[in-house]
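Summary of the model geometry
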Amino acid sequence: MRSSRPPTMNDVAAAAGVGLKTVSRYVNGATNINQELSERIGAAIEALGYRHNLAAASIRPGRSSKVIGLIISDLANPYYSVLARSVERVCTEHGYLLMSASSEEDADRHRLLVDRLVAQRVDGLVVVPPRQATTAWATSTVVHVPMVLLDRPTGPLESVEVHTVLADNAGGASRATAAMLAAGARRVAFLGDSLELYTMRERLAGYHRALAEADLGGATGTGPIEPIVSDGAHSVEDAAAVVAGFLVSGEVDAVFAANNRAAIGAMQAFATAGRRLPLVGFDDFEAAPLVTPAVSVVAQDVALMGRVAAETLLALIAGEAGPPVTHTLDVRLELRGSER
């Protein structure tokens, strides 16, 4: 009969008739243990219901919890779900457990999550910083655990040297906007979320660059192209309402949707009105190729971003990553017909 208290490593050693150090080596993955002893230890562990306490073991110098923490913005967003799955796969391949949490773009919640994961003695963190966070949290965190930033840098106020994995947001937005201008549009609207977000600021910069280059290149021959910017589309419903207004006013003849929610909102507005405008979105989504016309998008390799972040973190943990760098991954423009 098992004891009411959790079995210890000493209990396993006694049941197996081996030394405590041999059990310790066994539960920590040593492979050079005598086959007979290994079988006895394994049988004792099963009989007693022993579970190795990695959290306690990680307190000792040089020991690992074999746990990685991931903090993202919103697990309900398919973009972040793909990122999390990619990070998890790399962790699993290397024998790590991934603990995931969502900050929900709340700076206070984000700081709490970071503190809790560090207190749990995770071996490292992959973090998507929230929109309003300063870099103070990052400055203190990198002292305690290896960390890689994903999708966004720490913030606009300070510079913290941390390995960072980003997409070419400005370049992709510029190419998307230029595609609609080349197809004949003149009044291209930028439809996006709050400019507190690094990705939105970068995509807006790319949008402005495309307008400026089209004007400088004499694409229209009718003077400067004026920007039309809406940065209040925090949800699909917000985006649909803004685009419905564009359709009524007639001030816009094409839409650059700066994230997948904005693109879906634009499609909803088109369906309700029974007419559409040229559209290119940033971020691919499952329904984009299925509608008519199929939605043109700037596609990020989201899985690659997650993999690069996880592999960089594991290299950091192993002391093999070198000085902090920013990895900016390319994006691709997929024109499917909606840009016209």
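A few points on the structure.

The rules behind the values
- Residues numbered from 1 in each chain as written.
- Predicted model: local features only at pLDDT ≥ 70, side-chain atom pairs only at ≥ 80, totals over all residues.
- Heavy atoms only, no water.
- Buried < 20%, exposed > 50% of the residue type's maximum accessible area, 1.4 Å probe, protein only.
- Helix = DSSP H or I, 4+ residues; strand = E, 2+ residues; numbered from the N terminus.
- Pairing = 2+ DSSP bridges.
- Axes fitted to C-alpha atoms, helices over the stretch in contact; angles between N-to-C directions.
- Contact = heavy atoms within 4.5 Å.
- Phe/Tyr/Trp six-rings, centres within 6.5 Å; stacked < 30°, edge-to-face > 60°.
- Lys NZ or Arg CZ within 6 Å of the ring centre and 35° of its normal.
- Expected span 1.5 Å × (residues − 1).
- Arc of directions from axis to C-beta.
- Salt bridge = Lys/Arg side-chain N within 4 Å of Asp/Glu carboxyl O.

**Quick look at the pairing of strand β8 (residues 254-257)**
Burial along β8 is two-sided: the face carrying A254 and F256 and the face carrying V255 and A257 are both buried. Of the pairings in the sheet, the one linking strand β6 (residues 188-191) to β8 comprises four bridges and is parallel in character. In the sheet register, L191 faces β8, and the bridge partner there is A257. Bridge count for β8 against strand β9 (residues 279-282) is three bridges, and the pairing is parallel.

**A word on the sheet that holds strand β11 (residues 326-329)**
Strands sit in the order β2-β1-β3-β4-β5-β11 across an open sheet of six strands; the sheet is parallel. Pairing within the sheet leaves two strands with one partner each, and these edge strands are β2 (97-102) and β11. Put simply, the sheet's adjacent strands are angled 15° from each other on average, direction ignored. As paired strands, strand β1 (residues 67-72) and strand β3 (residues 124-127) are joined by four bridges and run parallel to one another. Paired with I71 across the two strands is V127, which belongs to β3. Contacting β1, β2 and β3, helix α6 (residues 107-119) crosses the sheet at an angle of about 180° to β1. Docked against the sheet, helix α12 (residues 302-317) engages β1, β3, β4 (147-150), β5 (163-167) and β11, running at close to 165° with respect to β4.

**Examining the packing of aromatic side chains**
Counted under the stated rule, the structure contains three aromatic pairs. Arranged with centres 5.9 Å apart and planes meeting at 55°, the rings of F190 and F256 form a pair that is tilted. Linking F190 in strand β6 with F256 in strand β8, this pair joins segments that are 66 residues apart in sequence. Neither residue differs from the other here; F190 and F256 are each classed as buried. Taken together, the ring pairs in this structure connect F190, Y207 and F256 into an aromatic cluster. Seen from the ring of Y96, K66 lies directly overhead, with NZ or CZ sitting 4.0 Å from the centre. Above the face of the F282 ring, R203 is positioned so that its terminal group lies 3.8 Å from the ring centre.

**Things to note about the sheet that holds strand β7 (residues 228-230)**
In any sheet, the strands associate via hydrogen bonds between backbone groups, in a parallel or an antiparallel arrangement. Reading across from one edge, β7-β6-β8-β9-β10-β12 is the order of the six strands in this open sheet, with mixed pairing throughout. Every interior strand has two partners, whereas the edge strands, β7 and β12 (331-334), have only one. Strand after strand, the sheet turns through a mean of 15° between neighbouring axes, direction not considered. Taken together, the four bridges between strand β10 (residues 296-300) and β12 define a ladder with antiparallel strand orientation. Within the sheet, the bridge partner assigned to Q300 lies in β12 and is V331.

**What to know about helix α5 (residues 78-93)**
Taking 1.5 Å as the rise per residue, α5 with 16 residues should run 22 Å; its terminal C-alpha atoms sit 23 Å apart, in good agreement. Where α5 is concerned, the buried positions are Y79, Y80, L83, A84, S86, V87, V90 and C91. Down the axis of α5, the buried set is contained in an arc of 160°. They therefore lie on one face. Projecting away from the buried face of α5 at angles above 90 degrees are the exposed residues P78, R89, T92 and E93. Against β1, β2, β4, α11 (260-273), β10 and α12 lie the buried residues of α5.

**Some thoughts on the side chain of T312**
Locating T312 in the fold gives a position in helix α12. Classification of T312 by relative accessible area gives buried; the value is 10%.

**Remarks on the pattern of salt bridges**
Considering all chains together, one arrives at 12 salt bridges under this definition. Across the pair R175 and D330 runs a salt bridge, and its minimum N-O distance is 3.9 Å. Residue R175 is found in helix α8 (residues 169-182), and its partner D330 is found in the loop between β11 and β12; the two are separated by 155 residues along the sequence. A salt bridge links R336 to D284, with the nearest nitrogen and oxygen atoms 2.8 Å apart. With R336 in the segment after β12 and D284 in the loop between β9 and β10, this pair connects stretches of sequence that are 52 residues apart. Taken together, the shared-partner salt bridges in this structure form one network comprising D284, R332, E334 and R336.

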